[in-house]
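Each chain, written out:
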Amino acid sequence: MVQAYILIQTEVGKASTVAETISGVPGVIQAEDVTGPYDVIVRAQADTVDELGRMVVAKIQQVEGITRTLTCPVVHL
């Protein structure tokens, strides 16, 4: 199982709507609107890195109001 934090920038005033929409995507564990350089932080999981990438590109980045994403896979050192 691969987990990642996905940092999302949104259009002005869209953070809450984006977080609510993304929380319904399969594989998303949690989606919260936050303050700072990013507007929404998502924790997601998938079986493989490729599957995680497909989820981000095909499902998360397609949500209306998102302008940029940064995916940070969780590693255990």
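Everything here concerns the structure above.
What you see as residue numbers is a count from 1 along each chain, following the sequence as written. Reporting in this predicted model follows two pLDDT cut-offs: at least 70 for local features of residues, and 80 or more for side-chain atom pairs to be given and counted; totals over whole chains, interfaces and linings ignore these cut-offs and use all residues. As a rule here, side-chain values cover all heavy atoms of the structure and leave hydrogens and water aside.

### Overview of the environment of D47
Structurally, D47 can be placed in the loop between strand 3 (40–46) and helix 2 (49–60). Measuring from C-alpha to C-alpha, the distance between D47 and A31 comes to 19 Å, with 16 residues separating the pair along the chain. We call two residues in contact when some of their heavy atoms are within 4.5 Å. Apart from the residues lying within four places of it in its own chain, the contact partners of D47 are M1 and V2. A run of H or I in DSSP becomes a helix once it reaches four residues, and a run of E becomes a strand once it reaches two; helices and strands are each numbered from the N terminus.

### A word on the sheet that holds strand 4 (residues 66–73)
Whenever strands of a sheet pair, they do so through backbone hydrogen bonds, lying parallel or antiparallel. Taken together, the 4 strands give an open sheet; going across it, the order is 2-3-1-4, and neighbouring strands pair in antiparallel fashion. The strands lining the two open edges of the sheet, one partner per strand, are strand 2 (28–33) and strand 4. Within this sheet the neighbouring strands show an average axis-to-axis angle of 20 degrees, counted without direction. In this analysis, strands are considered paired if DSSP registers two or more bridges between them. The sheet contact formed by strand 1 (residues 2–10) and strand 3 spans 7 bridges and is antiparallel. What sits directly across from Q3, in strand 3, is Q45. With axes taken as lines fitted to C-alpha atoms, and helix axes fitted only over the stretch in contact, angles between N-to-C directions fall between 0 and 180 degrees. Taken strand by strand, helix 1 (residues 15–22) contacts strand 1, strand 2, strand 3 and strand 4, and its axis lies near 170 degrees from that of strand 2.

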